[in-house]
Amino acid sequence: RVFVAVALLSALLFVPLTIMVALSIAATNSSRILSRVQRTPFLSNSYACLQSAVHRSLPVLPHVFPPFVCTVGEAPSRMYSSTVAPCMPANVTRLTEPQSQLLDQTDVFIFDCDGVIWRGDSLIHGVPETLAKLRSLGKRLFFVTNNSTKSRKGYKKKFESLGLDDVTPSEIFSSSFAAAAYFDKTGFKDGSGKKVYVIGENGICEELDEIGVPWIGGPSHKGKEPPMGPGDRIEHDRDVGAVVVGFDRNFNYYKIQYAQLCINENEGCQFVATNLDAVTHLTDAQEWAGGGSMVGAIKGCTGRDPTVVGKPSPLMIEYLEEKFGLERDRICVVGDRLDTDILFGADNGLRTVMVLSGVTTQEKLLDEGNKIRPDLYADSIVDFFPLGEGES
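In short, a report on the structure. (Residues numbered from 1 in each chain as written. Predicted model: local features only at pLDDT ≥ 70, side-chain atom pairs only at ≥ 80, totals over all residues. Heavy atoms only, no water.)

## Quick look at the pairing of strand 15 (residues 351–355)
The buried fraction of strand 15 amounts to 5 of the 5 residues, a majority that puts the element mostly inside the structure. Side-chain alternation along strand 15 places Arg351, Val353 and Val355 on one buried face and Thr352 and Met354 on a second face that is also buried. One ladder, built from 4 bridges, connects strand 14 (residues 331–335) with strand 15; its direction is parallel. Paired with Cys332 across the bridge in strand 15 is Arg351. Crossover connection from strand 14 via helix 13 (residues 338–347) to parallel strand 15: handedness right-handed. As paired strands, strand 15 and strand 16 (residues 376–378) are joined by 3 bridges and run parallel to one another. Along strand 16, the bridge assignment pairs Val355 with Ala378. (Buried < 20%, exposed > 50% of the residue type's maximum accessible area, 1.4 Å probe, protein only. Helix = DSSP H or I, 4+ residues; strand = E, 2+ residues; numbered from the N terminus. Pairing = 2+ DSSP bridges. Right-handed = clockwise from strand over helix to strand, strands pointing away.)

Shown next as structure tokens:
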């Protein structure tokens, strides 16, 4: 029995070690072989699982076989220095054959913006060329962002500032527009005389102006401090019928108190959130606290859950479907967040592609604890049109 056990153990170790030595030699002499492995789903998955299993058993191998210490499935230029890619779940597929996996099955692309098109105020490399190629194939493009700081007109200016002049206002949908669309759809202004209290920036206010919904607050409450001496109080507007909360770089205690008074004391006052994003990209240097932090403060002092109008709420896809007559089975959502972009697509019957150019890392995506999984994933949207043989 001991002999049989030793023989089986030797065989189990010898086979993967032999494969790894052979591939290591090949990878050392030719990076093209490793690139082929990475671009082939079966080999890439098998390679990742084998590498992970053997390295866990024999941690010295990363130093013996350095060519294997790389990020499986990512571009060869992006290397780990001392870590190994996790074993990829079977139902998370890397985009390797864009034509058959994606382009042939998609007529409409809905792109998130932050982390997909740009980071902060920096355009992600290769995006203009990719969008131009998609348009040349007759694909319809929409840009849906949870950032409420700008209106559609404001985002049009941002696209232009980044050289994306082809993007039209009708292709842009921000959560500030979603908030206005929600109030319009629910008949908020129909003879009620109610107004909206805004925690947020100009985007929400401009979109409410577009549909004629009266509002107070917003940028006008920047820097306000509540009186807090003996007997002091804030008098709030009893005609506020809804509080809408979006991302606000001038969020303060006065706004928190005003919002909670409206929600807690005005009968029937609605609590609306543009999004629940935990973090956002204000700059390309780091992540910043997102709109969800402001919403959380209001939820905490009112005990109310908000009506969310941005992703992953179905409101925006319903609007696009009705306005443009889109077919859901031909729409693909492309985003960098699992809990908003990918969930938005999955909950609404759309195809989904996760890109690793924004918030979500490959480690988080492939983690066994992650329950939100896209149909496909890629490094960025540039992978929709990979370089042909001989291109550099």
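## Some details on the sheet that holds strand 5 (residues 140–145)
An order of 1-16-15-14-2-5-6 is seen for the 7 strands of this open sheet, with the pairing classed as parallel. Each edge of the sheet is formed by a strand with only one pairing partner; in this case those strands are strand 1 (93–94) and strand 6 (172–174). Contacting strand 2 (108–111), strand 5, strand 6 and strand 14, helix 12 (residues 315–324) runs over the sheet at an angle of about 150 degrees to strand 5. (Contact = heavy atoms within 4.5 Å. Axes fitted to C-alpha atoms, helices over the stretch in contact; angles between N-to-C directions.)

## Regarding the pattern of salt bridges
The tally for this structure, following the rule as stated, stands at 18 salt bridges. When the shortest N-O distance is used, the salt bridge between Asp121 and Lys158 registers 3.5 Å. Taken together, the residues span a long stretch of sequence, with Asp121 in the loop between strand 3 (118–119) and strand 4 (122–123) and Lys158 in helix 7 (residues 152–161) at a distance of 37 residues. (Salt bridge = Lys/Arg side-chain N within 4 Å of Asp/Glu carboxyl O.)

## A word on the packing of helix 10 (residues 253–265) against helix 11 (residues 291–302)
It is at 9 Å that the axes of helix 10 and helix 11 come closest, and there the two elements cross at 50 degrees. Comparing the axis directions of helix 10 and helix 11 gives the class oblique. In this structure, helix 10 meets helix 11 at a crossing whose hand is right-handed. Taking contact as the criterion, the partners of Ile256, Ala259, Gln260, Ile263 and Asn264 in helix 10 are, on helix 11, Ala297, Ile298, Cys301 and Thr302. Class assignment of the residues belonging to the contact of helix 10 with helix 11 gives a composition of 6 nonpolar, 3 polar and no charged. (Parallel < 35°, antiparallel > 145°, perpendicular 65-115°, else oblique. Left-handed = near helix turned anticlockwise from the far one by under 90°. Nonpolar A, V, L, I, M, F, W, Y, C, P; charged D, E, K, R; others polar.)

## Thoughts on the sheet that holds strand 9 (residues 240–245)
Reading across from one edge, 8-7-9-10-13 is the order of the 5 strands in this open sheet, with parallel pairing throughout. Two strands bound the open sheet, and with one partner strand each, they are strand 8 (215–217) and strand 13 (307–308). The sheet contact formed by strand 9 and strand 10 (residues 270–273) spans 4 bridges and is parallel. Counterpart to Val245 in the pairing with strand 10 is Ala273.

## Let's talk about the environment of Asp232
One can find Asp232 in the loop between strand 8 and strand 9. Residue classification places Asp232 among the partly exposed residues on the basis of a relative accessible area of 40%. Within polar-contact distance, the side chain of Asp232 engages the backbone nitrogen of Gly229 at 2.6 Å. (Polar contact = N/O pair within 3.5 Å; in protein donor to acceptor, adjacent residues only side chain to side chain.)

## Here we look at the packing of aromatic side chains
In total, this model carries 15 aromatic pairs according to the counting rule given. The interplanar angle of 35 degrees and the centroid separation of 5.7 Å between the aromatic rings of Phe109 and Phe384 together place this pair among those described as tilted. Separated by 275 residues along the polypeptide, Phe109 in strand 2 and Phe384 in the segment after strand 16 bring together distant segments of the chain. Taken as a pair, Phe109 and Phe384 share a single burial class, namely buried. The structure contains a cluster of three or more aromatic residues connected by ring pairs, namely Phe109, Phe111, Trp118, Phe143, Tyr155, Phe159 and Phe384. (Phe/Tyr/Trp six-rings, centres within 6.5 Å; stacked < 30°, edge-to-face > 60°.)

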